Amino acid sequence: MHEISFSMNTFQSIRQSIAPELEMLNARITETLASPNALMNQVIEGYLKAKGKQIRPIIVILSANLLGKVNNDVISAATSVELLHNATLIHDDVVDDTKLRRGNPTINNIWDNHIAVLVGDFFLSTALQQAIATDNINIISSITNLGKLLSIGEIDQIYNARYHNLNEEAYFETIYRKTASLFVSCVEVGAFAVNASQDDIKKLAQFARLLGLCFQIKDDIFDYFNDEKIGKPTGNDLREGKITLPLLHVLQNESLPGHNEMIELSQKEILTTDEINTLIEYAKQHGGIDYAYNTMNRLRNEAVDIISQFPQSETRDNFIAILDYIIARDI
């Protein structure tokens, strides 16, 4: 495998460099999610204690720093994308009946699906409020378009699984919509909030698209290995009928031994644990994991070439560092 080395200390130093902005972000999140309902407040308070690394709002802040200076609209935009992202996670946990996320019990696990859906809706509505608070039609448009793309991406994934649409073009279109589109929106709203030029926004959006594709490919690789930190069982994607890049690549190679049998197996409606393990080992033995890492490294190099068109700065270096973190992370 061709992994890129990355120190977790580097990610922490990025957070430290924008610590005041992150403090404003989290204060805004807490403030905007306050409600007149005691149960809603209790659920949200518990949820926020286990918040993730906040990569997406960090990218909003970095894009503003790269092309201007952080202002109140940047914090509103960062809050909006973080809340929208979390709304999708809360709803995904209901759909997938997920019991743990980031090592902590999910809302649907602690409470029930009904409450989880309503809390997710509350996050989504609050996200839209924060976008509208900027009074910037470009930011509002980016956020609302993002909500549509995320939904279409999830439907794409279901369609591809149900109708065995096995090709890389369909895979990359799906992961652009369901994952990379969020990273693109992050840089867009940060740049719009500081009135950046269209040329700069376009270049930064191209970088973010490649970063987002790398993020999802790495997530897909996780599914081929046992790791309790990830919080989902090995083969979970296959269990749901999703064929991701490592297996997709080897299934497209008709010259491999057992190819027809593996195609037939991958198209079964319900797979046993043994059948899932067979497909995982087939992908590993025939270079599927290496291919996925090589693909990420190719996309990384393209992304670095794009971001390097901006003047050298700490913020530009931080964008490259986050890209490398996404590829090297173990969760």
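Just above, that's the structure.
Predicted model only: the values in this text are computed from it and were never measured.

Another point: the overall build of the protein. Assigned secondary structure in the protein consists of 16 helices and two strands. For 331 residues, the compact-globule estimate of 2.2 N^0.38 gives 20 Å, and the C-alpha radius of gyration of the protein, at 20 Å, lies within 12% of that figure. Considered along the principal axes of its C-alpha atoms, the protein spans approximately 60 × 50 × 35 Å. Here the contacts in the protein between residues at least 6 apart in sequence split such that 76% fall between residues at least 24 apart.

In this section: the packing of helix 10 (residues 198–222) against helix 15 (residues 288–307). Put simply, helix 10 and helix 15 touch, their axes get as near as 9 Å, and they point 165° apart. Here helix 10 is positioned roughly antiparallel relative to helix 15, judged by the angle of their axes. Of the two elements, helix 10 crosses helix 15, and the hand of that crossing is left-handed. Across the interface between the two elements, K203, L204, Q206, F207, L210, L213, C214, I217, K218 and I221 from helix 10 touch I289, A292, Y293, T295, M296, L299, R300, E302, A303, I306 and I307 from helix 15.

This part is about the packing of aromatic side chains. Taken as a whole, this structure holds six aromatic pairs when the rule is applied. Just above the ring of F215 sits the side chain of R56; from NZ or CZ to the centre is 5.0 Å. Sitting over the face of the ring of F215, R329 holds its NZ or CZ atom 4.0 Å from the ring centroid.

Assignment of secondary structure puts S185 in helix 9 (residues 168–193). Sequence separation between S185 and E269 is 84 residues, and the spatial gap between their C-alpha atoms is 35 Å. For S185, the contacting residues outside a window of four places in its chain are V81, S142, I143 and L146. A polar atom in the side chain of S185 sits 2.9 Å from the side chain of S142.

Next up on the list: the pattern of salt bridges. On inspection of all chains with the given rule, the structure shows eleven salt bridges. One salt bridge in this structure joins D97 and K99, with 3.2 Å as the shortest N-O distance. The class of D97 is partly exposed, set by a relative accessible area of 46%. Here K99 falls in the partly exposed class, since its relative accessible area comes to 42%. Several salt bridges converge on common partners, so that one network encompasses D156, E173 and R177.

It is worth spelling out unusual backbone geometry at this point. Although it is not a glycine, Q54 sits at a positive phi angle of roughly 60°. As for its placement among the helices and strands, Q54 is situated in the loop between helix 3 (38–48) and helix 4 (55–67). We note that D97 has phi near 55°; this positive angle belongs to a residue other than glycine. Tracing the chain through its elements places D97 in the loop between helix 5 (72–96) and strand 1 (100–101).

For the structure shown, the criterion picks out zero disulfides. Among the cysteines around C186, which has no disulfide bond, C214 carries the closest sulfur, lying 16 Å off.

The next point concerns the side chain of S181. Within the element layout of this structure, S181 appears in helix 9. Reaching out from S181, the side chain makes a polar contact with the backbone oxygen of R177 at a distance of 2.6 Å. Once residues lying within four places of it in the same chain are set aside, the contact partners of S181 are L146, L149, L150 and Y176.

At their nearest, the axes of helix 5 and helix 7 (residues 113–133) sit 8 Å apart, and the two run at 160° to each other. Comparing the axis directions of helix 5 and helix 7 gives the class roughly antiparallel. Note on packing geometry: the crossing formed by helix 5 with helix 7 is left-handed.

Let us now look at the nonpolar core. Grouped together as the largest cluster of nonpolar side chains are 106 residues, with contacts concentrated most on I59, V119, F123, I217, L247, F319 and I322. Top element by residues in this core is helix 9. It accounts for 13 residues. Apart from residues no more than four positions distant in its own chain, I59 is found in contact with F183, C186, V187, L211, F319 and I322.

Here we come to helix 5. Its 25 residues give helix 5 an end-to-end C-alpha distance of 36 Å, which sits within 8% of 36 Å, the value for a rise of 1.5 Å per residue. Of the residues flanking the start of helix 5, the one acting as N-cap is N71, its side-chain oxygen 3.0 Å from the backbone nitrogen of D73. With its phi angle positive at about 55°, D97 sits one or two positions after the end of helix 5.

Here the focus is the environment of R56. On the secondary structure map, R56 appears in helix 4. Sequence separation of R56 and D121 is 65 residues, and the distance between their C-alpha atoms is 20 Å. When sequence neighbours within four positions are dropped, the list of residues in contact with R56 reads E82, H85, L182, F183, C186 and F215. A polar side-chain atom of R56 sits 3.3 Å from a polar atom in the side chain of H85.

Basis of the calculations
Residues numbered from 1 in each chain as written. Predicted model: local features only at pLDDT ≥ 70, side-chain atom pairs only at ≥ 80, totals over all residues. Heavy atoms only, no water. Helix = DSSP H or I, 4+ residues; strand = E, 2+ residues; numbered from the N terminus. Rg over C-alpha atoms; globule rule 2.2 N^0.38 Å. Contact = heavy atoms within 4.5 Å. Axes fitted to C-alpha atoms, helices over the stretch in contact; angles between N-to-C directions. Parallel < 35°, antiparallel > 145°, perpendicular 65-115°, else oblique. Left-handed = near helix turned anticlockwise from the far one by under 90°. Phe/Tyr/Trp six-rings, centres within 6.5 Å; stacked < 30°, edge-to-face > 60°. Lys NZ or Arg CZ within 6 Å of the ring centre and 35° of its normal. Polar contact = N/O pair within 3.5 Å; in protein donor to acceptor, adjacent residues only side chain to side chain. Salt bridge = Lys/Arg side-chain N within 4 Å of Asp/Glu carboxyl O. Buried < 20%, exposed > 50% of the residue type's maximum accessible area, 1.4 Å probe, protein only. Disulfide = S-S within 2.5 Å. Core = buried A, V, L, I, M, F, W, Y, C linked by side-chain atoms within 4.5 Å. Expected span 1.5 Å × (residues − 1).

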